[in-house]
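One letter stands for each residue in the lines below.
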Amino acid sequence: MYVAVKGGEQAIDAAHRLLDEERRGDRSLPQVTLDQIAEQLTLAVDRVMNEGSLYDRELASLAIKQARGDMIEAIFLIRATRTTLARFGYAEPLDTQSMRVKRRISAAFKDIPGGQILGPTFDYTHRLLDFSLAADAEPAEAARAPSELRSDMPRVLELLGSEGLMEQPSAEAGEPEDLTQDPLNFPAGRDLRLQNLARGDEGFLLALAYSTQRGYGRTHPFAGEIRLGTVEVSFTPEELGFPIVIGEITITECEMINQFKGSTTVKPQFTRGYGLGFGQCERKVMSMALVDRSLRAGELGEERVAPAQDEEFVLSHSDNVQATGFVEHLKLPHYVDFQSELVLLRRMRAEIDIAKDRLEAAE
Amino acid sequence: MNAPAYNFAYLNEQTKRMIRRAILKAIAVPGYQVPFASREMPMPYGWGTGGVQVTAAVLTPEDTLKVIDQGADDTTNAVSIRKFFVKTAGVATTERTEEASVIQTRHRIPEAPLTEEQILVFQVPIPEPLRFLEPRETETRTMHALEEYGVMHVKLYEDIAQYGEIATTYAYPAKVADRYVFDPSPIPKFDNPKLDNCPALQLFGAGREKRIYAVPPYTKVKSLDFEDHPFEVQSWSEPCALCGSCHSFLDEIVMDDKGTRMFVCSDSDFCARQRGER
Amino acid sequence: MTERGFLDVAMQSAHAFRAIMQAVARPGRVLELGSDLEAPDPLLSSAAAVALTLCDFQTPIWLAPELRNENVIHYLRFHAGAPVTDEPGKAQFLFAMAGETWPAPALLMQGTHEYPDRSATLVIQVAGFAPGDVVLSGPGILSSEPFGVAGLNTSFWAAMVENHARFPIGIDVIFAAPGLVAALPRATEIRLLESV
């Protein structure tokens, strides 16, 4: 006699205890601490803060530990936490011009006012496994600039702008909209597009950006300036009426110089693509800037032919928390829909057999 | 680092107000998909976040909640969602359809008739019935605005041309109150007739796609069809092997590796009642 | 001194919303809307419950002149955080009194055919309900529902007939009487009775 499966609740509880145990791993080893994650897996923390849309190194470290290092799971945990947090208002716009710069490069000019500053980067490292790290070797002390780097470094793109070679940043009138307070509708303004890309999946943006370089909506990019450093965050409380500094965050900013635009009568100018993210995230902000520029196709009178230029396609599929949920929901039971298909398929096949039999009988 | 305390039914009050406003507009324009600022929930998108947000917005402490997935109360995701509301809202729960004041469901409508006192909340993956015919939101929105549903009729007709019948078996499109074509979520078309003129309020939540829509009580819901190919529902050649019901939706159970099969009710509560177990 | 709003916001607003939702889902049916809040004159506590349940910083409110006084404005700002606007065409929620002044429904936010949800909700304070003015039918109603509101005249019902004719765009109406609530969403068909 068949008995319907029961006991889903006990199964779930047992599965979760097993998960906890797997996460812990070998109990003879010390647990990884949140400080260790925050200090030594910094770029993982940065990515979780970026795509989780919450600047909190401690919570991001906890999410990474809880997710057993699965970045998208950690990002999801942060997003779910974000839902429960109270919203006090909007910060003043960040002034990235006054960034205290840790790293700053331009691929467009050999030298720039303020200098090229290589900073902490994987660039030019030889990708050979460093076995001294396996032996927990402590690194040698690094040499630093003698005094604090200037905090008012001119922007490379503005140097071009003063000559009229660079388009002015397109400033849309009024307060920017907020992706997290109103659902995204199409067509979306650049404010909403950039918000979407900022929390978008790094791998998705990277692949799209790459596709533009390979000819699917080419934008002739030059890395005008990439800068990494700390900026102050200011907030104007309603009762004070003037901004106060509430903290400092590390961010990476990328300004791309792209395909010029003009005609025989309108002086041609370079166009822009922009990327900004929490922490050190050059791959992300470069990809973001390339995709931002591609999505400006309509505004710049370019024909939309490539995936990266297709606003609905890009913005609807960039979010990895949405994407992973829907792809993985195929694990949920679909007995009912599948049964519906089975019934139909069997009947359609049987009808063909009946028709065949009839035909043969008639012959 | 301290664990935070959560509000009644998890959502904060501002989020609830936003969802509640969307629900009222959804009821006022039956079948129209109202965009809402769906939040990330502690379960993944695609696992019922839309239904959970709608349930959280309508729930009161006096409610008795029933949660089903594929018609059954004991499927893993139904268990998980029921637990979430027990934990965050402290509401009573039941497996009995007639005892529930709010029923959250995925992929089925209970076999037992619903009453005026009940609210049925559907979890919806893709709310747009035209989406697989036209992937662009800007296009489908215009089609709804103009009440231009030609593409849907063409699709159904192409089915008939190719297979001799309409080959859609679940998420079968229907027209609400003679105006909006809507997606009733992936319920089998067997359940479509229950949508029509139902005494209970039916609410639909799509979290990932950020849409809420509604079928008010006693509202006409007409499954799309053609005069020469009228809408019809699935039927089985044998009754439920457990309760003997001939008029419920049956799940197929594979019994062994020789292909032995049996058919049993997908609605586990209905089946138990038929058997007189309760 | 500001009158107090909901004592327990989560609980009271959940109860109030269920009553309002059922009223909108069953047009013309009069439901109880009990609430534990106080409201400044002449705002009814049921109308105040509607405001505190549905309005916040995202929803501009318009107040009819009869309701517009310092206490009411302060109350709505303090408890709901809602901006109060002078322009009825910009308000998501409008509060008026039966028989007094209110803007023509056609002047309020109607939504668009692409977004019919972007439309206003008109909350009208009334003394009570008495079937006899109209017969309602349509979504939410089994066959037909006799309905009537104290203090509303033919011109109001004529405007609501026009409002329904614009469906799916148009406004939705919530009636708040002492301890009671009823609603008339735009999808409802209205047949005027001769006696009105």
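Colleague: Now, about the overall build of chain A: what can you tell me, with residues and values included?
Modeller: Secondary structure summary: chain A contains 13 helices and 4 strands in total. Its C-alpha atoms give chain A a radius of gyration of 26 Å, more than 25% over the compact-globule value 21 Å for 363 residues. For chain A, the residues scored as buried account for 30% of the 363 residues in total. Partitioning the contacts of chain A with sequence separation of at least 6, the portion at a separation of at least 24 is 64%.

Colleague: Requested: an account of the interface of chain B and chain C, with residues and values cited.
Modeller: At the junction of the two partners, chain B supplies 30 residues and chain C supplies 27 residues. Those elements that place two or more of their residues in the side of chain B that touches chain C are α1 (13-28) and α4 (137-146) of chain B. Split into classes, the residues belonging to the side of chain B that touches chain C amount to 18 nonpolar, 5 polar and 7 charged.

Colleague: Please provide a residue-by-residue account of the domain arrangement of chain A, values included.
Modeller: Think of interface size as the accessible area that goes away when the parts come together; that is how it is often given. Residue and element names in this part refer to chain A. In terms of domain boundaries, chain A breaks down into domain 1 (9-82), domain 2 (96-121 + 149-168 + 180-324) and domain 3 (333-362). Taken together, the contact pairs 13 residues of domain 1 with 13 residues of domain 2. Those elements that provide at least two residues to the side of domain 1 that touches domain 2 are α3 (42-52) and α5 (71-84).

Colleague: Now, about the sheet that holds strand β7 (residues 180-182) of chain B: what can you tell me, with residues and values included?
Modeller: Residue and element names in this part refer to chain B. Across the sheet, 3 strands lie side by side as β7-β6-β10; this open sheet has antiparallel pairing. Each edge of the sheet is formed by a strand with only one pairing partner; in this case those strands are β7 and β10 (221-223). Neighbour-to-neighbour, the strand axes of the sheet open up by a mean angle of 30°, direction not taken into account. One ladder, built from 3 bridges, connects strand β6 (residues 174-176) with β7; its direction is antiparallel. Bridge assignment links Ala-174 to a residue of β7, and that residue is Phe-182.

Colleague: Can you break down helix α4 (residues 154-165) of chain C residue by residue, with the values?
Modeller: All names here are of chain C. Along its 12 residues, α4 runs 17 Å from first to last C-alpha, staying within 8% of the 16 Å computed at 1.5 Å per residue. Along α4, the residues that are buried comprise Trp-157, Met-160 and Asn-163. Down the axis of α4, the smallest arc covering the buried residues is 110°, so these residues share one side. Turned more than 90 degrees off the buried face of α4, the exposed positions are Thr-154, Ser-155 and Ala-165. Buried positions along α4 lie against β6 (129-137), β9 (180-184) and β10 (189-192).

Colleague: Report on the environment of Tyr-210 of chain A, specifying residues and quantitative values.
Modeller: Topologically, Tyr-210 of chain A is positioned in helix α9 (residues 202-213). Distance in space between the C-alpha atoms of Tyr-210 of chain A and Ser-287 of chain A is 7.9 Å, their sequence separation being 77 residues.

Colleague: Report on the pairing of strand β12 (residues 261-265) of chain B, specifying residues and quantitative values.
Modeller: Along any regular strand the residues' side chains alternate between the sheet's two faces. Residue and element names in this part refer to chain B. Across 5 bridges, the pairing between strand β11 (residues 250-254) and β12 is antiparallel. Counterpart to Leu-250 in the pairing with β12 is Cys-265. If you look at the hairpin formed by β11 and β12, you'll find 6 residues sitting between the two strands, and Gly-259 has a positive phi there, around 85°.

Colleague: Report on the nonpolar core, specifying residues and quantitative values.
Modeller: Among the nonpolar cores identified, the biggest contains 178 residues, and Ile-23 of chain B together with Phe-175 of chain C are the most heavily contacted of them. No other element matches helix α1 (residues 9-25) of chain C, which puts 9 residues into this core. The residues that make up this core include at least three from each of domain 1 (9-82) and domain 2 (96-121 + 149-168 + 180-324) of chain A. Formed by 10 residues, the second largest nonpolar core is a distinct cluster that contains Phe-190, Cys-240, Phe-249 and Val-264 of chain B.

Colleague: Can you tell me about the arrangement of the chains, naming the residues and giving the values?
Modeller: The interface with the most contacts, out of 2 pairs of chains in contact, is the one formed by chains A and B. In this view chain A stays clear of chain C, with the nearest C-alpha atoms of the two still 9 Å from each other.

Colleague: Please give an account of the packing of α1 of chain B against α1 of chain C that cites residues and values.
Modeller: Viewed as axis vectors pointing N to C, α1 of chain B and α1 of chain C meet at an angle of 5°, and their least axial separation amounts to 10 Å. Relative to α1 of chain C, α1 of chain B is oriented roughly parallel. In contact with Glu-13, Arg-20, Ile-23, Leu-24, Ile-27 and Ala-28 of chain B of α1 of chain B, α1 of chain C contributes Val-9, Ala-10, Ser-13, Phe-17, Met-21, Val-24 and Ala-25 of chain C. Considered class by class, the residues forming the contact of α1 of chain B with α1 of chain C number 10 nonpolar, 1 polar and 2 charged.

Colleague: I'd love a proper account of the environment of Pro-105 of chain C, names of residues and values included.
Modeller: Residues and elements named next belong to chain C. Mapped onto the elements, Pro-105 comes out in the loop between β4 (93-97) and β5 (121-125). A count of 22 C-beta atoms within 10 Å places Pro-105 in the buried class. Pro-105 sits 19 residues away from Ile-124 along the chain, and the two C-alpha atoms are 12 Å apart. The residues touching Pro-105, leaving out its near neighbours within four places in the chain, are Leu-122, Ala-159, Asn-163 and Ile-171.

Here is what the cut-offs are and how they apply
Residues numbered from 1 in each chain as written. Chains lettered and ligands numbered in written order. Predicted model: local features only at pLDDT ≥ 70, side-chain atom pairs only at ≥ 80, totals over all residues. Helix = DSSP H or I, 4+ residues; strand = E, 2+ residues; numbered from the N terminus. Rg over C-alpha atoms; globule rule 2.2 N^0.38 Å. Buried ≥ 20, exposed ≤ 12 C-beta atoms within 10 Å, placed from the backbone. Contact = placed C-beta atoms within 7 Å. Nonpolar A, V, L, I, M, F, W, Y, C, P; charged D, E, K, R; others polar. Domains from an automatic or database assignment. Pairing = 2+ DSSP bridges. Axes fitted to C-alpha atoms, helices over the stretch in contact; angles between N-to-C directions. Expected span 1.5 Å × (residues − 1). Arc of directions from axis to C-beta. Core = buried A, V, L, I, M, F, W, Y, C linked by C-beta atoms within 7 Å. Parallel < 35°, antiparallel > 145°, perpendicular 65-115°, else oblique.

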